[in-house]
Amino acid sequence: MRIRHAVAATALSLGLLSGVTGIAHAAPEGTIGQEEVAAAGYGGSISRTEVISRAKNWWDRKVPYSQSASAWDVNHGKQYRTDCSGFVSMAWKLTSSRTTSTLDGVATKIAWGSLKPGDMILRNGHVKLFEKWANTAHTSVWIYEEGSTATDMDHETVTIATLKDGGYAPWKYNKITG
C-alpha cells in the first residue's frame, strides 16, 4: 500500500496524473492537512470571482469525468470527485463532494433572471455551473460542467428554454458573496 501511494504521489508531483487520482492517499508535500481545511475557508464564504476561477482551473486542466476518481482543487487543499456534483462542490469550495441530490442542501432556489456567476443549474441527476449570460436578452448562458465520460469538462452555451425543457432550475450557494 505504501509503495502504491508513493508511486501515485511521485506521478502526481511529476504531472503524470494531471492532478487526478483514483486512490486516496496522504496529501503531497505542500498541500494542507485536515486540521487546516477549515482555516483555508472550505465550507465558508466564497466570492463569485473565486468560484469561476476554481471552475476555470479544472477546465484549463481538462480534468476528465469520473464518478470514482478525484482531483485536487486549484491550491491542492482538497480532492473532489470528478463528476458533475463533485465539480460544483470543488468550485464552491465545500468541505466534501456532494451529490446532485444533496447540493440543494447548501443552496437556495432562485429565479432564472437572477442567475449570477457561480450559481448552479440543477436537475435530478445532473448539475451545471453558470458562468455568465451569453446574450443581452438573457435567453442563453455560458456554463461549465463535468458532463460525462464522452465530453469530460464542457464550457459551452445553452439556451434557457433547453435547460427548462430538461428539468433544470437555478440555485444560489448559500455562502456565496458578491
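Residues numbered from 1 in each chain as written. Predicted model: local features only at pLDDT ≥ 70, side-chain atom pairs only at ≥ 80, totals over all residues. Heavy atoms only, no water.

Trainee: Mind laying out helix 3 (residues 48-61), listing which residues take part and the relevant values?
Mentor: End to end, helix 3 covers 20 Å across 14 residues, agreeing with the expected 20 Å (1.5 Å per residue, within 8%). When helix 3 is considered as a whole, its buried residues turn out to be Arg 48, Val 51, Ile 52, Arg 54, Ala 55, Asn 57 and Trp 58. Lys 62 sits one or two positions beyond helix 3 and adopts a positive phi of about 55°. (Helix = DSSP H or I, 4+ residues; strand = E, 2+ residues; numbered from the N terminus. Expected span 1.5 Å × (residues − 1). Buried < 20%, exposed > 50% of the residue type's maximum accessible area, 1.4 Å probe, protein only.)

Trainee: If you had to explain the sheet that holds strand 5 (residues 107-109) to someone new, which residues and values would you point to?
Mentor: Strand order in the open sheet formed by six strands is 5-10-6-7-8-9, and the pairing between neighbours is antiparallel. Pairing within the sheet leaves two strands with one partner each, and these edge strands are strand 5 and strand 9 (153-159). Across the sheet, the mean angle from the axis of one strand to that of its neighbour is 35°, orientation sign disregarded. When strand 7 (residues 126-133) meets strand 8 (residues 140-146), the two strands line up antiparallel, connected through four bridges. The residue bridging Leu 129 from the neighbouring strand is Tyr 144, located in strand 8. Docked against the sheet, helix 4 (residues 84-91) engages strand 6 (120-123), strand 7, strand 8 and strand 9, running at close to 45° with respect to strand 7. (Pairing = 2+ DSSP bridges. Axes fitted to C-alpha atoms, helices over the stretch in contact; angles between N-to-C directions. Contact = heavy atoms within 4.5 Å.)

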